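# Fold and contact review
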Amino acid sequence: EPGIINLQLSSCKDVNTFFLKFLADGAQDSVQSYLKSIGDTEIVTSPWSKDVVPTRTISYTHPVSNPLAPPKAQAVKRQRLKRYGSHGILLESETQVMGVPKTDCFVTREVIIVQPKKEGGVSVSSRFQIVFTKSTMFKSIISSQTTSELKDWHKGYGEMITSKSEKGRSEKAGVEL
């Protein structure tokens, strides 16, 4: 699967600025704020651990559109953050959904990569993978529905990052993030 997000953000000054604006504890335009904007509720985020490779957990309730499933489900997103100084960020996530039939058969793994651009700003790209942990005859249905939902999530998250990067720049009267 090719990258879902492939953004060039000239308005985001550097990798550290991206981290502070979108990934740091208490970041105004965080993953949590995006989850809330798409209808997720009961969002609880642990702070980044102080480990060599910081981790955190985001748990939330997610609306479910499948008519054969309950109207909402619990989800847990476990994230690992690898920072390479001014050279880049690698954010790895693994998400498990609970309370919907057959969600115990798979997890999703996602990677978001942030790198500096030579001409200034940063590039942001993402990838995802559905990993089956148990055998199921519903694999093709699960793959199709989950792929569609993940593509929508990443597209929307990319649009939020772009919007918030540009907004931050214009609010500061030309001062780049």
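Relevant structure appears above.
These remarks concern the structure in this document. Because the structure is predicted, anything quoted here is derived from the model rather than measured.

### Remarks on the pattern of salt bridges
If you walk through the whole model with that rule in mind, you get nine salt bridges. The partner of Glu94 in a salt bridge is Arg109, with the nearest N and O atoms 2.8 Å apart. In this pair, Glu94 is assigned in strand E5 (residues 89-98) and Arg109 in strand E6 (residues 106-116), connecting sequence segments 15 residues apart. Judged by its relative accessible area of 30%, Glu94 falls in the partly exposed class. Judged by relative accessible area, which is 39%, Arg109 ranks as partly exposed. For Lys117, the salt bridge goes to Glu119, with nearest N and O atoms at 3.8 Å. In the salt-bridge network here, residues are joined through shared partners; they are Lys21, Asp29 and Lys164.

### Comments concerning a nonpolar patch on the surface
Nonpolar side chains collect at one region of the surface, where Met137, Phe138 and Ile141 lie side by side and expose about 330 Å² of accessible area between them. Within the secondary structure layout, Phe138 lies in the loop between strand E7 (122-132) and helix H3 (139-171). Owing to a relative accessible area of 33%, Phe138 belongs among the partly exposed residues under this scheme.

### Observations regarding the pairing of E6
Remark: a regular strand shows side chains that alternate across the two faces of the sheet. By the bridge criterion, seven bridges tie E5 to E6 in an arrangement that is antiparallel. Residue Leu90 lies in a different strand from E6, and its bridge partner there is Ile113. Strand direction decides the pairing type here: E6 and E7, joined by 11 bridges, are antiparallel. Among the inter-strand pairings, Val114 is bridged to a residue of E7, identified as Val124. Hairpin connection of E6 to E7: five residues between the antiparallel strands, including Gly120 at a positive phi of 105°.

### A closer look at the sheet that holds E5
Read across the sheet, seven strands follow the order E1-E7-E6-E5-E4-E3-E2 without closing on themselves; strand pairing throughout is antiparallel. With one partner strand each, in any of the chains shown, strand E1 (6-9) and strand E2 (41-45) form the two edges of the open sheet. With strand direction ignored, the average angle separating the axes of adjacent strands in the sheet is 15°.

### Points about the packing of aromatic side chains
Tallied over the entire structure, the rule returns five aromatic pairs. Ring centres of Tyr34 and Tyr157 lie 5.6 Å apart, and the angle between their planes is 65°; this geometry places the pair in the edge-to-face category. Note that Tyr34 is positioned in helix H2 (residues 31-37) and Tyr157 in helix H3, a separation of 123 residues in sequence. Note on accessibility: Tyr34 and Tyr157 belong to one class, buried. Seen in terms of ring centroids, Trp153 and Tyr157 are 5.1 Å apart; in terms of plane orientation they differ by 20°. Their pairing is stacked. In this pair, Trp153 and Tyr157 are both assigned in helix H3, four residues apart and thus about one turn of the helix distant. Accessibility expressed as a relative area gives 12% for Trp153, which makes it buried. Under the relative-accessibility criterion, Tyr157 is labelled buried at 1%. Feature note: the residues Tyr34, Trp153 and Tyr157 constitute an aromatic cluster, connected by ring pairs. The ring of Trp153 has Lys77 lying over it, and the distance from NZ or CZ to the ring centre is 5.0 Å. Its guanidinium or amino end placed over the ring of Phe19, Arg83 lies 3.9 Å from that ring's centre, counting from NZ or CZ.

### Remarks on the environment of Glu119
Along the chain, the position of Glu119 falls in the loop between E6 and E7. With 89 residues separating them along the chain, Glu119 and Ser30 place their C-alpha atoms 26 Å apart.

About the thresholds
- Residues numbered from 1 in each chain as written.
- Predicted model: local features only at pLDDT ≥ 70, side-chain atom pairs only at ≥ 80, totals over all residues.
- Heavy atoms only, no water.
- Salt bridge = Lys/Arg side-chain N within 4 Å of Asp/Glu carboxyl O.
- Helix = DSSP H or I, 4+ residues; strand = E, 2+ residues; numbered from the N terminus.
- Buried < 20%, exposed > 50% of the residue type's maximum accessible area, 1.4 Å probe, protein only.
- Patch = residues over 30% accessible without salt bridge, like charges linked within 9 Å, V, L, I, M, F, W, Y side chains within 5 Å.
- Areas by Shrake-Rupley, 256 points an atom, 1.4 Å probe, with all protein chains shown as cover.
- Pairing = 2+ DSSP bridges.
- Axes fitted to C-alpha atoms, helices over the stretch in contact; angles between N-to-C directions.
- Phe/Tyr/Trp six-rings, centres within 6.5 Å; stacked < 30°, edge-to-face > 60°.
- Lys NZ or Arg CZ within 6 Å of the ring centre and 35° of its normal.

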